[in-house]
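Letter by letter, the chains look like this.
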Amino acid sequence: MLKEGIVASPGIAIAKAFVYEKVELEVKEVKVEDPEAEVARVKEALDKSKAQILAIKDKAARDLGAEEAEIFEAHAMVLEDPEFVDSITAEIKNNSINAEAAVKTVTDRFFQIFDAMDDPYFSARAADIRDVGTRVLNNVMGVETVDISALDEDTIIIAEDLAPSDTAQMDKARVKGFATNIGSRTSHTAIMARSLEIPAVLGLGDITSCVKNGDTVIVDGLKGVAVINPDEAELADYKKQQADYQAYMKELGELKGLKAETKDGRVVELVGNIGSPADVDGVHKNGGNGVGLYRTEFLYMDSDEMPDEEKQFQAYKAVIESFKGEPVIIRTLDIGGDKKLPYLPLEEEMNPFLGFRAIRLCFREKDLFKTQLKAILRASAFGNALIMFPMISGVSEVRQAKAILAECMQELDAAGIAYDKDIKIGVMIEIPSAAVTSDIIAKEVDFFSIGTNDLCQYTLAVDRMNQEVSYLYNPLHPAILRLVKTVIEASHSHEGKFTGMCGEMAGDPLATLILLGLGLDEFSMSASSIPQVKKIIRSVSYEDAKAIADAALHLETGEEVKAMVQEKIAELGLKIV
């Protein structure tokens, strides 16, 4: 039997199934006579939960690295968040109810807030809230959970879903892969599976109903399928595919210290997208030579109050110093609309993606903006920092942002504080109007970075989170390719200026040859995508890539472009995983 799902972590795993079923907690609301006793029960459960999470964090740090361990630091912070803890206490005291009911009510409330957010990163954080809340509830009720850290044979985990804490506790020597009924590629569980290099397929619908303990299961994290009880021919075929994949990954690993250089000598920059200093290790590990997108909003999202200049300065400085002179592009605050801060009230919007966010919010909240700019400027004295403004629709906004930056420079000069006086300034090109007028904007900036996620969404009028129209979302659409070409040519018409790309398209191996041929100077992506993109770049000449890009620009549909690229990749003897 074959089940189709979502690729969460690449690779092929073959082993016996272990169906991981969690106890479904039945919580009844009961009126109590002693609310203080219930509050004390909650406090005891919170303390126990925190100790458990910190133990998991230590194991994650040993097995996965600092980046993944930070997930559990965030989990521990939830347990210390006054809004979460005080809400539970308030439920008990105001309604005289039992601790179990209060924990479940508050967890459900927080889960629904995050789950309703349009942005996939923040909606995926709902799973973290659920994980923490369920742990507290288990501890309040004295429920012992199944231990998947001590399995005695090679195993494929089959589950409804897996919380990040479940994934972190897995014994990599025994857990060869996992498959779940639900889940998304952007969830922390998927991220951690990729860090563990465990093949994973999510969103299989009813895999738990189709598999029983001891069944042989193949998890194909390349195609996004699970095969249950394969026949001998299927098993032999997948064992060969598994060996081929492992050999290919070893080959990619050998590229780490090499440049992203074409056969005829054109060198491009391969850099990483990060959200915090904890993400830096992944970029280094995969051979990235800088940061093309530092998403500073996560610094704000992970704080209970507006981070001050010093806190921001230290975070930016840590990243800049770690790259020892290699470029670190820091994007100014991109929040608002669907991404909200509890300490910065914003009105509800009918269409937040087209609304009050990013640079638009920063212009209104000028003090907030200046605090961030001064922190970035101060950090620029310690390495090669670049500033990038998001959500730019035209040149007037660029000039307004630069004027505020100039004010910050004057204030630092007056205070005798050092910064890079020649710091490069760029903008994200994610709104079609900015792409079309990029020749005008190029006069005002040092570089562009194309944010293809939103550029595709706005250009093609497709809400990529809407399942009914998501099939129309195609970065290889001729309209997108023509806009990318326009932007690159606009920057190249000025000596010393460059264009990068920080959207998902930059790490898509199907787009690599075209982007290379269009003259893209910098590819910024998830760290794990860097080796494969480098392999493709090193396998072709720039002249051949230009011919491929030119051919793509003359095709009429995205499907035709994809087919042509797949054919070229096959001719080059390359694989895509």
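Predicted model, so just to flag it, every value in this text is computed and none were measured. (Residues numbered from 1 in each chain as written. Predicted model: local features only at pLDDT ≥ 70, side-chain atom pairs only at ≥ 80, totals over all residues. Heavy atoms only, no water.)

1. Quick notes on the overall build of the protein
Looking only at helices and strands, one finds 24 helices and 17 strands in the protein. What you see for the protein is a C-alpha radius of gyration of 25 Å, in line with the 25 Å of a compact globule of 577 residues. Across the 577 residues that make up the protein, the buried fraction comes to 54%. Total accessible area on the protein is roughly 24,900 Å²; 49% of this is exposed by carbon and sulfur atoms. Of the charged side chains in the protein, 63 are positive and 97 negative; the average position of the first set lies 4 Å away from that of the second. (Helix = DSSP H or I, 4+ residues; strand = E, 2+ residues; numbered from the N terminus. Rg over C-alpha atoms; globule rule 2.2 N^0.38 Å. Buried < 20%, exposed > 50% of the residue type's maximum accessible area, 1.4 Å probe, protein only. Areas by Shrake-Rupley, 256 points an atom, 1.4 Å probe, with all protein chains shown as cover. Lys, Arg positive; Asp, Glu negative; His and termini not counted. Charge placed at Lys NZ, Arg CZ, Asp CG, Glu CD.)

2. Quick look at helix H13 (residues 309-322)
Since the α-helix packs 3.6 residues into each turn, any two residues three or four apart lie on the same face. In this model, H13 (14 residues) spans 20 Å end to end at C-alpha, consistent with the 20 Å of a helix rising 1.5 Å per residue. Turning to H13, its buried residues are Gln312, Phe313, Ala315, Tyr316, Lys317, Val319 and Ile320. One side-chain oxygen at the N-terminal end of H13 lies 3.3 Å from the backbone nitrogen of Glu310; it belongs to Asp308. One or two residues past the end of H13 sits Lys324, with phi positive at roughly 45°. (Expected span 1.5 Å × (residues − 1). Polar contact = N/O pair within 3.5 Å; in protein donor to acceptor, adjacent residues only side chain to side chain.)

3. Remarks on the packing of aromatic side chains
Tallied over the full model, the rule gives six aromatic pairs. Residues Phe369 and Phe389 carry aromatic rings whose centres are separated by 6.1 Å and whose planes lie at 65° to one another, so their mutual orientation is edge-to-face. In this pair, Phe369 sits in helix H15 (residues 366-379) while Phe389 sits in strand S13 (residues 385-389), placing the two residues 20 residues apart along the sequence. The class for Phe369 is buried, based on a relative accessible area of 0%. Exposure remark for Phe389: the relative accessible area of 0% places this residue in the buried category. With a centroid separation of 5.1 Å and 5° between ring planes, the pair formed by Phe447 and Phe498 is classed as stacked. Of this pair, Phe447 sits in strand S15 (residues 447-450) while Phe498 sits in strand S16 (residues 498-501), placing them 51 residues apart in sequence. An aromatic cluster is defined as three or more aromatic residues linked by ring pairs; in this entry it consists of Phe363, Phe369 and Phe389. Here the basic side chain of Arg130 rests over the ring of Phe111, its NZ or CZ set 4.1 Å away from the ring centre. (Phe/Tyr/Trp six-rings, centres within 6.5 Å; stacked < 30°, edge-to-face > 60°. Lys NZ or Arg CZ within 6 Å of the ring centre and 35° of its normal.)

4. Some points on the packing of helix H4 (residues 99-115) against helix H6 (residues 126-141)
Two elements in contact, H4 and H6, have axes whose closest approach is 9 Å; the angle formed by their N-to-C orientations is 175°. Judged by the angle between their axes, H4 and H6 are roughly antiparallel. On H6, the residues touching Ala99, Glu100, Val103, Thr107, Asp108, Phe110, Phe111, Phe114 and Asp115 of H4 are Ala126, Ala127, Ile129, Arg130, Gly133, Val136, Leu137, Val140 and Met141. Counted by class, the contact of H4 with H6 contains 12 nonpolar, two polar and four charged residues. (Axes fitted to C-alpha atoms, helices over the stretch in contact; angles between N-to-C directions. Parallel < 35°, antiparallel > 145°, perpendicular 65-115°, else oblique. Contact = heavy atoms within 4.5 Å. Nonpolar A, V, L, I, M, F, W, Y, C, P; charged D, E, K, R; others polar.)

5. Digging into the sheet that holds strand S6 (residues 200-202)
As summarised here, the arrangement of the eight strands in space is S1-S8-S7-S3-S4-S5-S6-S2, forming an open sheet in which the pairing is mixed. Taken across any chain shown, the strands that pair with only one partner, and hence form the sheet edges, are strand S1 (2-4) and strand S2 (6-9). Each adjacent strand pair in this sheet contributes to an overall mean axis angle of 30°, direction not counted. Pairing geometry for S2 and S6, over three bridges, is antiparallel. When the sheet's bridge partners are listed, Ser9 is paired in S6 with Ala200. Relative to the sheet, helix H10 (residues 232-253) contacts strand S3 (12-20), strand S7 (216-220) and strand S8 (225-228), its axis offset from that of S3 by approximately 115°. (Pairing = 2+ DSSP bridges.)

6. Overview of the side chain of Thr332
Mapped onto the secondary structure, Thr332 falls in the loop between strand S12 (328-331) and helix H14 (359-364). The exposure class assigned to Thr332 is buried, which follows from its relative accessible area of 0%. The contacts of Thr332, once residues within four sequence positions are left out, are Thr296, Phe369, Gln372, Leu373, Ile376, Ile387, Met388, Phe389 and Pro390.

7. A closer look at the side chain of Ser491
Examined against the element boundaries, Ser491 turns out to sit in helix H20 (residues 478-492). Judged by its relative accessible area of 2%, Ser491 is buried. A polar atom in the side chain of Ser491 sits 2.9 Å from the backbone oxygen of Ile488. Setting aside residues up to four positions removed in sequence, Ser491 forms contacts with Phe448, Lys497, Phe498 and Thr499.

8. A few points about the pairing of strand S5 (residues 175-180)
Of all the six residues making up S5, five are buried; the element is thus mostly covered by neighbouring parts of the structure. One ladder, built from five bridges, connects strand S4 (residues 155-159) with S5; its direction is parallel. Bridge assignment links Thr155 to a residue of S5, and that residue is Val175. The pairing of S5 with S6 spans two bridges and is classified as parallel. Pairing of Ala179 across the sheet is with Val201, part of S6.

9. Considerations on the environment of Ile404
Relative to the assigned elements, Ile404 resides in helix H16 (residues 395-414). Sequence separation between Ile404 and Ile330 is 74 residues; the distance between their C-alpha atoms is 16 Å. With near-sequence residues (within four places) excluded, Ile404 lies in contact with Phe363, Lys366, Phe369, Lys370 and Leu373.

10. Describing the pattern of salt bridges
Considering all chains together, one arrives at 32 salt bridges under this definition. A salt bridge links Arg364 to Glu365, with the nearest nitrogen and oxygen atoms 3.0 Å apart. For Glu365, a relative accessible area of 24% corresponds to the partly exposed category. For Glu489, the salt bridge identified is with Lys485, shortest N-O distance 2.9 Å. Here Lys485 and Glu489 lie together in helix H20, a separation of four residues that amounts to about one turn. (Salt bridge = Lys/Arg side-chain N within 4 Å of Asp/Glu carboxyl O.)

11. A short note on the state of the cysteines
A complete count under the given rule lists zero disulfides for this structure. Take Cys362: it sits in no disulfide, and the sulfur closest to it among the cysteines is that of Cys408, at 11 Å. Residue Cys362 is classed as buried on the basis of its relative accessible area, which comes to 0%. (Disulfide = S-S within 2.5 Å.)

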